[in-house]
Amino acid sequence: MVEVGALGLPDTADRGSGRVVVLGATGFVGRHVGAALERAGHEIHAVARHPRKTPASWRFHPMDLADAGPGALAGLIDAERPVAVVNAAGEVWSRTAEGMHRNNRLLVDRLLSALAAAGHRPRLVQLGSVHEYAPQPHGVWLTESSPEEPATDYGRTKLHGTRAVLRAAETGAADAVVLRLSNVIGAGTPRGSLLGQVAAQLLDRPVRGRAAEVRVSPLRSSRDFVDAQDVAGAVLAAVGVAEARGRVVNVASGSSQPVRDMVDLLISISGRPARLVERPGAAARSLPDADWMAVDVSAARTVLGWEPRRTPRDMVEDLWRAAAGHEGPAAGG
């Protein structure tokens, strides 16, 4: 197990405690990351465009980094002197290339400019995506050395961010690590994702005595799904592990799950009578990469001392419990 502790950098606090700035802290992954860091003893400074509900113990800083420019964040970093900045901001489900460019490319460029301008030097944990890799044939696991030839605008804009962060780390402009995440599932899974769409349709009030109709695109693919709590644990490790500097590390479950099995599991856990209808052009969708994906997590075990612990049932149960809870007691399954 790699020891988690101080990086030994000059004028830097012990990485096992202290403040952490979480960009995109009100988003799906950001909320899980902030909660895990706080449980580990960190003080959370949440940065996001819109003031949504955050724990009372978090300090909230409203900021649109892409619009505000790097000066505002540099000022925050110098004022608060965090041990780390976690970039959980970004765009996954934007329907426009402009949205992807703004939130996955421009935001990272502004973030790196802010870090270069600040007098204080925190660890940067950049959350990338396994969709930055080229799709691989069935049976070929993605590794950190897999070809970087993304098939989507999302993957291409995330790859730009990763490469910019790695250049900054190589030149000494930033102390940074990139975690490439697979398909994250858990409490608060966005409606734009496949399972988020399925949960939303299950929660629609069905006609009395009739099953809900769940419409999805054809479920032919198999994906690597990782639990949001496991992702948060990897971020916590990346904040403190000195050996991670300048590295790309994949964070995933290390296995491939048929998407149909995940949808069936969600329907079963919901307890709702439902009829699954597969048709092209349905509302539910997923990132259009290859039909099969699995991610090797050997580097995460070696570099971070991290490994996935939660099962597909764990992540889907959390997803459903949170989604049904938002509907009130009458909506529970």
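Placed above this text is the structure.
Overview of the structure.

Each value, and the rule that gives it
- Residues numbered from 1 in each chain as written.
- Predicted model: local features only at pLDDT ≥ 70, side-chain atom pairs only at ≥ 80, totals over all residues.
- Heavy atoms only, no water.
- Helix = DSSP H or I, 4+ residues; strand = E, 2+ residues; numbered from the N terminus.
- Buried < 20%, exposed > 50% of the residue type's maximum accessible area, 1.4 Å probe, protein only.
- Contact = heavy atoms within 4.5 Å.
- Areas by Shrake-Rupley, 256 points an atom, 1.4 Å probe, with all protein chains shown as cover.
- Pairing = 2+ DSSP bridges.
- Axes fitted to C-alpha atoms, helices over the stretch in contact; angles between N-to-C directions.
- Core = buried A, V, L, I, M, F, W, Y, C linked by side-chain atoms within 4.5 Å.
- Polar contact = N/O pair within 3.5 Å; in protein donor to acceptor, adjacent residues only side chain to side chain.
- Phe/Tyr/Trp six-rings, centres within 6.5 Å; stacked < 30°, edge-to-face > 60°.
- Lys NZ or Arg CZ within 6 Å of the ring centre and 35° of its normal.
- Parallel < 35°, antiparallel > 145°, perpendicular 65-115°, else oblique.
- Left-handed = near helix turned anticlockwise from the far one by under 90°.
- Expected span 1.5 Å × (residues − 1).
- Salt bridge = Lys/Arg side-chain N within 4 Å of Asp/Glu carboxyl O.

1. Regarding the overall build of the chain
Next up, step 1: Along the backbone of the chain there are 10 helices and 13 strands.
Next up, step 2: Counting all 333 residues of the chain, 52% fall into the buried class.
Next up, step 3: The long-range share in the chain, meaning contacts at least 24 apart out of those at least 6 apart in sequence, stands at 78%.
Next up, step 4: Summing over all exposed atoms, the chain offers an accessible surface of approximately 14,400 Å²; the carbon and sulfur share of this is 49%.

2. Structural notes on the sheet that holds strand S11 (residues 248-251)
Sheet strands pair via backbone hydrogen bonds, and the direction of the pair is either parallel or antiparallel.
Next up, step 1: Within the open sheet, the 7 strands sit side by side as S3-S2-S1-S4-S5-S6-S11. Their pairing is parallel. Looking at which strands have only one partner, the edges of the open sheet turn out to be strand S3 (59-62) and S11. Averaged over all neighbouring strand pairs, the angle between strand axes comes to 25°, with direction disregarded.
Next up, step 2: As defined by bridge partners, strand S2 (residues 42-48) adjoins S3 across 4 bridges and the pair is classed as parallel. Residue pairing across strands places His45 opposite Arg59, the latter belonging to S3.
Next up, step 3: Together, strand S5 (123-129), strand S6 (175-181) and S11 form the strand contacts of helix H5 (residues 153-171), whose direction differs from that of S5 by roughly 155°.
Next up, step 4: Taken strand by strand, helix H7 (residues 228-240) contacts S2, strand S4 (84-87), S5, S6 and S11, and its axis lies near 145° from that of S5.

3. What to know about the nonpolar core
Next up, step 1: If you look at the biggest cluster of nonpolar residues, it comprises 70 residues, and the most contacted ones within it are Leu23, Leu73, Val125, Leu179 and Leu304.
Next up, step 2: Apart from the residues within four sequence positions on either side, Leu73 is in contact with Leu23, Met63, Leu65, Leu111 and Ala114.
Next up, step 3: Formed by 24 residues, the second largest nonpolar core is a distinct cluster that contains Ala199, Val214, Val316 and Ala324.

4. With respect to the side chain of Gln136
Next up, step 1: One can find Gln136 in the loop between S5 and H5.
Next up, step 2: Owing to a relative accessible area of 16%, Gln136 belongs among the buried residues under this scheme.
Next up, step 3: A distance of 3.0 Å separates the side chain of Gln136 from the backbone oxygen of Ala134, its partner in a polar contact.

5. Topic: the packing of aromatic side chains
Next up, step 1: Summed over the entire model, instances satisfying the criterion amount to 1 aromatic pair.
Next up, step 2: With a centroid separation of 5.1 Å and 75° between ring planes, the pair formed by Trp141 and Trp292 is classed as edge-to-face. Placement of the pair is Trp141 in the loop between S5 and H5 and Trp292 in the loop between strand S13 (274-278) and helix H9 (298-304), with a sequence separation of 151 residues.
Next up, step 3: Trp141 sits in the partly exposed class, given a relative accessible area of 39%.
Next up, step 4: Judged by its relative accessible area of 13%, Trp292 falls in the buried class.
Next up, step 5: Here the guanidinium or amino end of Arg180 rests over the ring plane of Tyr133, the centre of that ring lying 4.6 Å away.

6. Considerations on the packing of helix H1 (residues 28-39) against H7
Next up, step 1: The N-to-C vectors of H1 and H7 enclose an angle of 55°; their axes lie 8 Å apart at closest approach. One way to sum up the angle between H1 and H7 is to call them oblique. In this structure, H1 crosses over H7, and the sense of that crossing is right-handed. On H7, the residues that touch Phe28, Val29, His32, Val33, Ala36 and Leu37 of H1 are Ala228, Gln229, Val231, Ala232, Val235, Leu236 and Val239.

7. A closer look at unusual backbone geometry
Next up, step 1: A positive phi angle, near 50°, is found at Arg81, a position not held by glycine.
Next up, step 2: Relative to the assigned elements, Arg81 resides in the loop between helix H3 (70-80) and S4.

8. Quick notes on H5
Next up, step 1: Here H5 spans 27 Å end to end across 19 residues, near enough to the 27 Å set by a 1.5 Å rise per residue.
Next up, step 2: All of the buried residues in H5 are Tyr154, Gly155, Thr157, Lys158, Leu159, His160, Gly161, Thr162, Ala164, Val165, Ala168 and Ala169.
Next up, step 3: Close packing links the buried residues of H5 with helix H4 (97-117), S5, S6 and S11.

9. Points about the pattern of salt bridges
Next up, step 1: Applying the stated criterion across every chain, the model contains 18 salt bridges.
Next up, step 2: Salt-bridge contacts for Arg180 lead to Glu148; the nearest nitrogen and oxygen are separated by 2.8 Å. Placement of Arg180 in strand S6 and of Glu148 in the loop between S5 and H5 is noted, with a sequence separation of 32 residues between them.
Next up, step 3: Judged by its relative accessible area of 0%, Arg180 falls in the buried class.
Next up, step 4: The salt bridge partner of Arg275 is Glu213, with a shortest N-O separation of 2.3 Å.

10. What about the pairing of strand S8 (residues 212-216)?
Next up, step 1: Judged by which residues are buried, S8 turns out to be one-sided: Ala212, Val214 and Val216 face inward and are buried, whereas Glu213 and Arg215, on the alternate face, are not.
Next up, step 2: Relative to S13, S8 runs parallel, the two sharing 5 bridges. Bridge pairing in S13 links Glu213 to Arg275.

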